[in-house]
Amino acid sequence: MKIAFIGLGNMGGGMAANVVKAGHEVNAFDLSDEALATARDNGCATFTDAAEAVQGVDGVVTMLPNGGIVKSVYEGSVIGKAPEGAVLLDCSTIDVATAKEVIAKAEAAGYDMVDAPVSGGIAAANGGTLTFMVGGTDKAFKRAEEVLNAMGKAVIHAGDAGAGQTAKICNNMLLAITMIGTTEAMKMAEKLGLDPQKFYEISSQSSGYCWPLNAYTPMPGVGVESPADNDYKGGFATALMLKDLRLAMEAAGSVDAKTALGKHATEIYEAFAEENGGLDFSAVIKTL
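Residues numbered from 1 in each chain as written. Predicted model: local features only at pLDDT ≥ 70, side-chain atom pairs only at ≥ 80, totals over all residues. Heavy atoms only, no water.

1. Brief notes about the overall build of the chain
And step 1. Within the chain, the regular secondary structure consists of 12 helices and nine strands.
And step 2. Expressed as lengths along the three principal axes of its C-alpha atoms, the size of the chain is roughly 65 × 45 × 35 Å.
And step 3. Considering only contacts in the chain between residues 6 or more positions apart, those separated by 24 or more positions represent 64%.
And step 4. Total accessible area computed for the chain in this model is approximately 12,800 Å², and 53% of it derives from carbon and sulfur atoms.
And step 5. Where the 21 positive side-chain charges of the chain centre and where its 35 negative ones centre are 2 Å apart. (Helix = DSSP H or I, 4+ residues; strand = E, 2+ residues; numbered from the N terminus. Contact = heavy atoms within 4.5 Å. Areas by Shrake-Rupley, 256 points an atom, 1.4 Å probe, with all protein chains shown as cover. Lys, Arg positive; Asp, Glu negative; His and termini not counted. Charge placed at Lys NZ, Arg CZ, Asp CG, Glu CD.)

Take a look at the structure:
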């Protein structure tokens, strides 16, 4: 397939490279000259205009910062510019309402489109081991699946348009809550005199088992290797976690969902992000 890839940031650059590795031809677009140079090194053809990049392609993948930019790119550079038979895949994490709106406009113009946000972070983007949560029709999902498989280890059809975004923000709200709980437990155990490694060995094999503890241990030198062992650099930035939490709170408010812990997690990350937005979200342990 010939794929246009729009948005080559920390996640998109590695994702586009894996689409090339899977044997597809990639037209890459980004506003950053450095990102375009990296894309060329990875085998992509590069463009300085998104509308030109989507000419003659079989599919379009976008990985963009927020819903406003996603809407602008699709309305201005994709819908009506890409061939009508192209399948459109937005892998950004945005609000559910905008995802549904953009997909509706694309479908009205004759396109199949899915919202397909990702879980896994930069390392998984580079390694092709992302998890995709996909919203859209059965037909659109089946068409998008081949492209998504080139970038991920798991591609799950969550439901209709917007379901992918719903899954992503609920998942990340849960992740934020459990990360804060994990850091609190580890620091409390340490202050009570228990060796943090011993706490890890016990809790990771008992009822305290959870992803932040077992797969992403937030304390340096304890448990598995993680961003904590690199001074909390790399991984999933606190600013991005805060973005997802705010999207979750917005969505919760729209349906009157009760999210007391989600709200408190948002408040904790808002305070922490003021000076630490670039650190991995597990660095919230520094507040303890």
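What follows picks up the thread again.
2. Structural notes on the pairing of strand β9 (residues 152-159)
And step 1. In this sheet, β9 lies alongside strand β8 (residues 130-135) in parallel orientation, the contact comprising six bridges. Bridging across to β9, Phe132 finds its partner in Val155. (Pairing = 2+ DSSP bridges.)

3. Let's talk about the side chain of Asn27
And step 1. Examined against the element boundaries, Asn27 turns out to sit in strand β2 (residues 25-29).
And step 2. Using a relative accessible area of 3% as the deciding quantity, one classes Asn27 as buried.
And step 3. In terms of polar contacts, Asn27 uses its side chain to reach the backbone carbonyl oxygen of Ala53, at 3.0 Å.
And step 4. Once you skip the residues sitting within four places of it in the chain, Asn27 turns out to touch Lys2, Ile3, Ala4, Phe5, Ala45, Phe47, Ala53, Gln55 and Val57. (Buried < 20%, exposed > 50% of the residue type's maximum accessible area, 1.4 Å probe, protein only. Polar contact = N/O pair within 3.5 Å; in protein donor to acceptor, adjacent residues only side chain to side chain.)

4. So, the UniProt feature "domain: 3-hydroxyisobutyrate dehydrogenase-like NAD-binding" (unreviewed entry) in the chain
And step 1. On the UniProt side, "domain: 3-hydroxyisobutyrate dehydrogenase-like NAD-binding" (unreviewed entry) is annotated at positions that read residues 162-287 here.
And step 2. Between the first and last C-alpha atoms of residues 162-287 the distance is 35 Å; the span itself is 60% helix and 0% strand. (UniProt positions renumbered as here; feature names shortened; annotations may be inferred.)

5. Some words on the pairing of strand β6 (residues 112-115)
And step 1. Burial of β6 is two-sided: the residues Asp112 and Val114 facing one way and the residues Met113 and Asp115 facing the other way are all buried.
And step 2. Both strand β5 (residues 87-90) and β6 contribute to a ladder of four bridges, which runs parallel. Bridging across to β6, Leu89 finds its partner in Val114.
And step 3. Handedness of the β5-helix α5 (residues 96-108)-β6 crossover: right-handed. (Right-handed = clockwise from strand over helix to strand, strands pointing away.)

6. A short note on helix α1 (residues 12-21)
And step 1. Counting buried positions along α1 gives seven out of 10 residues, so the element sits mostly inside the fold.
And step 2. All of the buried residues along α1 are Gly12, Gly14, Met15, Ala16, Ala17, Asn18 and Val19.
And step 3. Where α1 is buried, its residues touch β1 (2-6), β2, β7 (118-119), α6 (121-127) and β8.
And step 4. One or two residues past the end of α1 sits Gly23, with phi positive at roughly 100 degrees.

7. Considerations on the environment of Ala109
And step 1. Locating Ala109 in the fold gives a position in the loop between α5 and β6.
And step 2. Taking the relative accessible area as the measure of exposure, Ala109 reaches 30% and is therefore partly exposed.
And step 3. Through-space distance from the C-alpha of Ala109 to that of Leu245 is 32 Å; in sequence the pair is 136 residues apart.
And step 4. Beyond its immediate chain neighbours, meaning those up to four positions away, Ala109 contacts Ile79 and Glu84.

8. Quick notes on unusual backbone geometry
Peptide bonds are, in most cases, trans, and in most cases residues other than glycine have a negative phi.
And step 1. A positive phi angle is found at Asp231, which is not glycine, with a value near 55 degrees.
And step 2. The residue Asp231 is located in the loop between α10 (211-214) and α11 (238-254) in this model.
And step 3. Using a relative accessible area of 47% as the deciding quantity, one classes Asp231 as partly exposed.
And step 4. Its identity as a non-glycine residue notwithstanding, Asp256 has a phi of 55 degrees, on the positive side.
And step 5. Relative to the helices and strands, Asp256 is located in the loop between α11 and α12 (260-276).

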